[in-house]
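# Fold and contact review
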Amino acid sequence: KKTVAILLADGFEEIEALAPVDLLRRAGVEVITVGNELVKGSRGISVASDMGVKDFMQNLTNENLPDAIIVPGGLNGTKNLASCKTAQKLITDMWNEKKLVCAICAAPVIVLSPLGILKNKKFTCYPTMENDFAEFAGDNWQDKVLGATHQTDNVVIDENLITSRGAGTALEFSNDIIEKLCNKETMEKVKHIWVMGTSGFGPGNATPVAEFNAFKDPHAFKILSDSGLPITVIGLDTNVESTYITR
């Protein structure tokens, strides 16, 4: 069974951290969130980590490292990870052992570039941060990012390095990690669950992308109807509590 560690530090971007947790677990991957006992995200959402960084590393050797590590963005969160020597060692050990290293948003520049991981690699990051190596990569920064090639794709894969742009690309980022760790078939199955709605939520086992009572809020229903989105109305009944809208 594949294992993934996701590093959390105060100020992490919630979507970029928790979307991979959710989708990877749906794919059958063992996911361990690593950080302080309670970590507060950039939007004030607190998350309980599965394990502390020191505890996680206590019994780790090169032989039992996780298959992948994920570093979410969030400006303060990435700065905290970049200043944590234990987290830096874990990422470096993973990289040296050719494990999958994944980073999104600010993390490629703030966390990975000081470690030399972007050197001679194609990568992406939060827009414009590709210009900030001098600020974040530390001493001899030019050497650490020598040959690094920035791209504007939502997700960039270069061998065992996966980088992505931000919260809006977190699902695509997660899908590509699943495909790389598992296989395309597993990725497509997981993608089908959250796109097509087969998780068993709501009437008819549909996953709602919007939920409201169409009779109490006809204006909202009209806006959706006029939007051109393909929608199906399920349980259109004045006696039900809610009306479920699914793609």
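Thresholds applied
Residues numbered from 1 in each chain as written. Predicted model: local features only at pLDDT ≥ 70, side-chain atom pairs only at ≥ 80, totals over all residues. Heavy atoms only, no water. Core = buried A, V, L, I, M, F, W, Y, C linked by side-chain atoms within 4.5 Å. Buried < 20%, exposed > 50% of the residue type's maximum accessible area, 1.4 Å probe, protein only. Pairing = 2+ DSSP bridges. Helix = DSSP H or I, 4+ residues; strand = E, 2+ residues; numbered from the N terminus. Expected span 1.5 Å × (residues − 1).

### Looking at the nonpolar core
Leu7, Ile69, Val71, Leu90, Ile91, Val101 and Leu112 are the most contacted members of the largest nonpolar core, which has 36 residues in total. Grouped together as the second largest cluster of nonpolar side chains are 29 residues, Ile6, Leu8, Ala27 and Ala170 included.

### So, the pairing of strand S9 (residues 155-158)
As paired strands, S9 and strand S10 (residues 161-164) are joined by 4 bridges and run antiparallel to one another. Across the sheet, Val155 pairs through a bridge with Ser164, a residue of S10. Counting the residues that bridge the hairpin from S9 to S10 gives 2 residues, and of these Glu159 lies at a positive phi of roughly 55 degrees.

### Topic: the side chain of Thr78
The residue Thr78 is located in helix H3 (residues 75-82) in this model. Residue class for Thr78 comes out buried when judged on its relative accessible area of 0%.

### Let's talk about unusual backbone geometry
Positive phi, normally seen in glycine, also occurs at Cys105, with a value near 65 degrees. For Asn140, which is not a glycine, the phi torsion comes out positive at approximately 55 degrees. Positionally, Asn140 belongs in the loop between helix H6 (133-136) and helix H7 (141-144). Residue class for Asn140 comes out exposed when judged on its relative accessible area of 59%.

### A closer look at helix H1 (residues 14-26)
Across its 13 residues, H1 extends 18 Å between first and last C-alpha, which sits within 8% of the 18 Å expected from 1.5 Å per residue. Those residues of H1 that fall on the buried side of the exposure criterion are Glu14, Glu16, Ala17, Ala19, Pro20, Val21, Leu23 and Leu24. The positive-phi residue at the C-terminal boundary of H1 is Gly28, with phi of around 85 degrees.

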